[in-house]
Amino acid sequence: MTDKADVPGKAETDSSRQTHRRASAQLLEMLVCPLTHANLKYDIETQELVSERARVAYPIRDGIPIMLVEEARVLDD
């Protein structure tokens, strides 16, 4: 049986979401393109991290950036 104290309230849920967003933003700032070492831009529509310099996009699967060159999609001009 679950005690009510063990169930997170709305304030805790909102707080944990904000923490997750901050952590995600910080992670994105640390990630760079493995080819060029340039910063990446997050494309929310395609769920990819885009390297404009290398003209490739790295997929994000289940919330995990796949930073392998062989997994990157070449961008059209």
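The text that follows walks through the structure, step by step, so that each part is easy to find. (Residues numbered from 1 in each chain as written. Predicted model: local features only at pLDDT ≥ 70, side-chain atom pairs only at ≥ 80, totals over all residues. Heavy atoms only, no water.)

Observations concerning the overall build of the chain
When helices and strands are counted, the chain shows 1 helix and 5 strands. A burial count over the chain gives 22% of its 77 residues as buried. Counting only contacts in the chain whose residues sit at least 6 apart along the sequence, the fraction spanning at least 24 positions is 15%. Carbon and sulfur atoms make up 53% of the accessible area of the chain, which totals about 6,200 Å². (Helix = DSSP H or I, 4+ residues; strand = E, 2+ residues; numbered from the N terminus. Buried < 20%, exposed > 50% of the residue type's maximum accessible area, 1.4 Å probe, protein only. Contact = heavy atoms within 4.5 Å. Areas by Shrake-Rupley, 256 points an atom, 1.4 Å probe, with all protein chains shown as cover.)

A closer look at the pairing of strand 3 (residues 56-61)
With respect to burial, strand 3 is a largely interior element, 5 of its 6 residues being buried. Examined bridge by bridge, strand 2 (residues 48-51) and strand 3 share 4 bridges and lie antiparallel to one another. Bridge pairing links Val50 to Ala57 in strand 3. The pairing of strand 3 with strand 5 (residues 73-74) spans 2 bridges and is classified as antiparallel. Looking at the pairing, Ala57 lines up with Arg73 of strand 5. Strand direction decides the pairing type here: strand 3 and strand 4 (residues 64-65), joined by 2 bridges, are antiparallel. Paired with Ile60 across the two strands is Pro65, which belongs to strand 4. Hairpin remark: strand 3 followed by strand 4, antiparallel, with 2 residues in the connecting loop; positive phi at Asp62, about 55°. (Pairing = 2+ DSSP bridges.)

Digging into the pairing of strand 2
Taking every second residue as pointing to the same face, both faces of strand 2 are buried, with Glu48 and Val50 on one and Leu49 and Ser51 on the other. Relative to strand 2, strand 1 (residues 41-43) runs antiparallel, the two sharing 3 bridges. Looking across to strand 2, one finds that Tyr42 is bridged to Leu49. Hairpin connection of strand 1 to strand 2: 4 residues between the antiparallel strands, including Gln47 at a positive phi of 55°. Between strand 2 and strand 3, which follow one another and run antiparallel, lie 4 residues, and Arg55 among them has a positive phi close to 60°.

Note that all results are geometric; they support no functional claim without further evidence.
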